[in-house]
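Okay, here's what each chain looks like letter by letter:
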Amino acid sequence: MHIPTAFDSGSTDILAAANTPILWICALGVFAVIIVQTLIYVRAVRQAAPAVGMTSDELKTSFRTGAVSAIGPSLAVVLVAVALLTVFGTPAVLVRIGLIGSVSYETAAASIAAGTMEAELGGPTYTQSVFAVAFMAMSLGGAMWMLATLIFTPLLKRGDAKLRRVNPAVMIVVPGAAMLAAFFALGFAELPKSGYHVVAFFSSAAVMGACLFLAKQLNLKWLREWALGIAILTAWCSPTWLSPPGCSRPEPVSEISKD
Amino acid sequence: MTTVTGNDAALQTFDRTTARWGRLTMIVGLLISLAGPAYLVFFSGLEVDQTKILTAFLAIAGTFAVIWIVEPLTYYPILGQASMYQAFMIGNISNKLLPSALIAQSAVNAKPGTAGASWPRLWPSAVRPWCTCSRC
């Protein structure tokens, strides 16, 4: 059963199609799944914590700190997502950018998909059927990450356990090295883009270092929890110190891959 | 091996629970996320040429297929099994989830005298190098 008036393949009124109740229900469904998963994980952590010497106070602190630290990055995502509401409609933005994918992948995927139909996102060629194809294609692409995760994780887990038995030190060094390399590569890729990127990169690094140093020296626990938020805000504002008043802010620093 | 059997049992339960439910919730999330666009394509009455979807998908794959494979492989040693199912469903891994997890870790580690023997194994393996306990 569908409402014939809402859909018209040639219409450029994307939002008429993009705000269909069914899409809203799917968006809320994904929301619900993530909430359920979170509750199951929190419960599993709580049950395992005492056996491994983690107190409930430590649990509370870590949950709270994680939540506080996620505020800054989440705000950054929200700001970009708002700009895309008119292109994809609210439910699609919620699912693709807020819950499952990321801004950089979804917009790239959608414009690649639209390009194969010789259409342009938001342009006069961007009809409801182009939107439907682009939305389907970017969702399928996003699903590939989950599929790869579902296939590889059990395999890697087996290898991980074997490696740990043979040489536990390897599994301690490898994550640290991988992490350092990943963050450095992500940050480094932004540097050549402009002077603003360089300033943002170094000012956030300096602020993060300063926050953690002060937190350690003065034993300020709250500063540790807020350090990430403060560093992100600084990085965000720093390019505007360079530009003359009235100058528009440069594009937010974005990443290439899904996350 | 200095581990106590009770601890290992607790961690095994944690691994089992998160593996089973993490996988299950991820599959459900995957299906619901595809249900929306599938409705638009197949049931909304929009005339959508299905070969166009294939073309568009292949074009996206041309750019991202390598990342689809490489990211789960490279993030595994950082995240560990449980977090994989969480992180790759939610997305925004390197710009939100990992930093938040790290800061949360360091906030707990900062408390003196609380370094448990093996509790870091509960967390993504990435945080272990930052731990001050004797085992790490």
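Residues numbered from 1 in each chain as written. Chains lettered and ligands numbered in written order. Predicted model: local features only at pLDDT ≥ 70, side-chain atom pairs only at ≥ 80, totals over all residues. Heavy atoms only, no water.

A. The arrangement of the packing of aromatic side chains in detail. Inspection of every chain in the model, using the stated rule, returns ten aromatic pairs over all chains. Relative to B:Y39, the ring of A:F7 lies with its centre 6.5 Å away and its plane at 70 degrees, an arrangement referred to as edge-to-face. Of the two residues, A:F7 is situated in the segment before α1 (14-18) and B:Y39 in helix α1 (residues 5-42); the pairing between them involves two chains. Judged by its relative accessible area of 10%, A:F7 is buried. Residue classification places B:Y39 among the buried positions, given a relative accessible area of 10%. With centroids separated by 5.8 Å and ring planes inclined at 15 degrees, the aromatic side chains of B:F57 and B:W68 adopt a geometry described as stacked. Of the residues examined, B:F57 reaches a relative accessible area of 16% and is grouped as buried. In this structure B:W68 comes out as buried when scored by relative accessible area, which is 6%. Among the aromatic residues, ring-to-ring pairing joins A:Y105, A:W145, B:F57, B:F64 and B:W68 into one connected group. (Phe/Tyr/Trp six-rings, centres within 6.5 Å; stacked < 30°, edge-to-face > 60°. Helix = DSSP H or I, 4+ residues; strand = E, 2+ residues; numbered from the N terminus. Buried < 20%, exposed > 50% of the residue type's maximum accessible area, 1.4 Å probe, protein only.)

B. Seen up close, the confidence of the model for chain A. Residue and element names in this part refer to chain A. This prediction gives chain A a mean pLDDT of 82; 85% of its residues lie at or above 70. Within chain A, helix α2 (residues 21-48) carries the highest mean pLDDT (93), whereas helix α8 (residues 168-190) carries the lowest (70). Low pLDDT, under 50, characterises residues 246-259; the stretch is placed with 37 contacts to residues that sit more than four places away or in other chains. (pLDDT = per-residue confidence, 0-100. Contact = heavy atoms within 4.5 Å.)

C. Up close: the nonpolar core. A:F88, A:F131, B:L40, B:I60 and B:F88 are the most contacted members of the largest nonpolar core, which has 80 residues in total. Examining the composition of this core, we find that 19 residues originate from one element, helix α2 (residues 50-90) of chain B, more than from any other. Discounting chain neighbours no more than four positions away, the residues touching B:L40 are A:F7, A:A17, A:T20, A:L23, A:F131, A:A132, A:F135 and B:L46. In this structure, A:V207, A:A227, A:L228 and B:I103 belong to the second largest nonpolar core, which totals nine residues. (Core = buried A, V, L, I, M, F, W, Y, C linked by side-chain atoms within 4.5 Å.)

D. Structural view of α2(B). Over its 41 residues, α2(B) runs only 28 Å from end to end, short of the ideal 60 Å by more than 12%, given 1.5 Å per residue. Of all bends in α2(B), the biggest is about 115 degrees, found at B:G80. (Expected span 1.5 Å × (residues − 1). Bend = angle between axes of the 7 residues up to and from the residue.)

E. Region of the structure containing the pattern of salt bridges. Here the structure, examined in full by the defined rule, presents two salt bridges over all chains. A salt bridge links A:R96 to A:E106; the nearest nitrogen and oxygen atoms lie 3.1 Å apart. Linking A:R96 in helix α5 (residues 90-100) with A:E106 in helix α6 (residues 103-116), this pair joins segments that are ten residues apart in sequence. Across the pair, A:E106 and A:R96 agree in class, each one buried. Between A:K157 and B:D15 there is a salt bridge, and its shortest N-O distance comes to 2.9 Å. Note that A:K157 is positioned in helix α7 (residues 128-166) and B:D15 in helix α1, a pairing that runs across two chains. For A:K157, a relative accessible area of 25% puts it in the partly exposed group. (Salt bridge = Lys/Arg side-chain N within 4 Å of Asp/Glu carboxyl O.)

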